[in-house]
Amino acid sequence: MRMIKPLTVLLLAAMVLPSFARKKKDKNEYGVYLAGAAASFTDSLVYITDIQYLDSASLNPQGLLNGRAQYSLQLKDHLEQDGRLQHRTCFMFFSKKKKSLEKEMAKLRRNYQKGSQLAVKDLNDFRFTKPDDE
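Predicted model, so just to flag it, every value in this text is computed and none were measured.

Peer 1: Explanation requested: the nonpolar core in the structure shown.
Peer 2: Here is a general trend for soluble globular proteins: nonpolar side chains tend to be buried in one another's company. Counting residues in each nonpolar core, the largest one holds 18 residues, and the members touching the most others are Leu34, Tyr47, Leu65, Tyr71, Leu75, Leu79 and Phe128. Breaking this core down by element, the ones donating at least two residues are strand 1 (29–39), strand 2 (45–49), strand 3 (52–59), helix 2 (68–80) and strand 4 (89–95). If we skip the residues at most four places from it in the chain, Leu65 touches Val32, Leu34, Ala57, Ser58, Leu59, Tyr71 and Phe94. Ala39, Ile48, Phe93 and Leu108 belong to the second largest nonpolar core, which has eleven residues in total.

Peer 1: For this particular structure, what's the right way to read unusual backbone geometry?
Peer 2: The backbone of His87 shows a phi angle near 60°, a positive value even though the residue is not glycine. Position of His87 among the secondary structure elements: in the loop between helix 2 and strand 4.

Peer 1: Would you mind going over the pattern of salt bridges with me for this structure?
Peer 2: A side chain of one charge can pair with a side chain of the opposite charge if their charged atoms are brought near each other. As enumerated under the stated definition, the model contains three salt bridges in all. For Glu80, the salt bridge goes to Lys76, with nearest N and O atoms at 3.8 Å. Here Glu80 pairs with Lys76, and both are found in helix 2, just four residues apart, close to one helical turn. Assessed through its relative accessible area of 24%, Glu80 is described here as partly exposed. Lys76 sits in the partly exposed class, given a relative accessible area of 25%. Here Arg109 and Asp122 are joined by a salt bridge, their closest N and O atoms 2.8 Å apart.

Peer 1: Sorry if this is basic, but what is going on with helix 3 (residues 98–113) here?
Peer 2: Structurally, the α-helix is built with 3.6 residues per turn, so residues lying three or four positions apart point the same way. With 16 residues, helix 3 should reach 22 Å at 1.5 Å per residue; the first-to-last C-alpha distance of 22 Å fits that figure. For helix 3, every residue scored as buried is listed here: Leu101, Met105, Leu108 and Tyr112. Buried residues of helix 3, viewed axially, fall in a sector of 55°; they line one side. Turned more than 90 degrees off the buried face of helix 3, the exposed positions are Lys99, Lys103, Lys107 and Arg110.

Peer 1: I would appreciate a short explanation of the packing of aromatic side chains in the present structure.
Peer 2: Any pair of aromatic rings gets described here by the distance separating the centres and the angle formed by the planes. The tally for this structure, following the rule as stated, stands at three aromatic pairs. Centroid distance Tyr71 to Phe128: 6.2 Å. Interplanar angle 80°. Geometry classified as edge-to-face. Of this pair, Tyr71 sits in helix 2 while Phe128 sits in the segment after strand 5 (119–123); the two residues are 57 residues apart in sequence, bridging distant segments of the chain. Judged by its relative accessible area of 5%, Phe128 falls in the buried class. An angle of 85° between the planes, with centres 4.8 Å apart, marks the rings of Phe126 and Phe128 as edge-to-face. An identical accessibility class is assigned to Phe126 and Phe128; each is buried. Ring-pair connections join several aromatic residues into one group, and the members of that group are Tyr71, Phe126 and Phe128.

So, how was this worked out
- Residues numbered from 1 in each chain as written.
- Predicted model: local features only at pLDDT ≥ 70, side-chain atom pairs only at ≥ 80, totals over all residues.
- Heavy atoms only, no water.
- Core = buried A, V, L, I, M, F, W, Y, C linked by side-chain atoms within 4.5 Å.
- Buried < 20%, exposed > 50% of the residue type's maximum accessible area, 1.4 Å probe, protein only.
- Helix = DSSP H or I, 4+ residues; strand = E, 2+ residues; numbered from the N terminus.
- Contact = heavy atoms within 4.5 Å.
- Salt bridge = Lys/Arg side-chain N within 4 Å of Asp/Glu carboxyl O.
- Expected span 1.5 Å × (residues − 1).
- Arc of directions from axis to C-beta.
- Phe/Tyr/Trp six-rings, centres within 6.5 Å; stacked < 30°, edge-to-face > 60°.

Here it is in structure tokens:
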């Protein structure tokens, strides 16, 4: 009879303690819609990519895209590959919701086309990939 209390406490502890030893959950939210734009101060062409869903892209707890500089460099490298489109400034746009990103890209496109001094071209042959080291 005297051993029932310690055995009960020991059994209860054996059931409760493993729940506290769980692995910490990854705080990054994976799966992001991405789009990019590239402009130059010396050229009247603005290139805009398609909206792409990248399941390996993630947002940090503050809501910023992890590795956004690498995604921007991917776009810049793609444009500089043939040697004609040098010195472009690349911008990254991202969102968890496709509709929100579509709205933002439509606004960007309208702003660039407003004065009809800049020509906007779609960049359909470019795909973002997960950066090697984040």
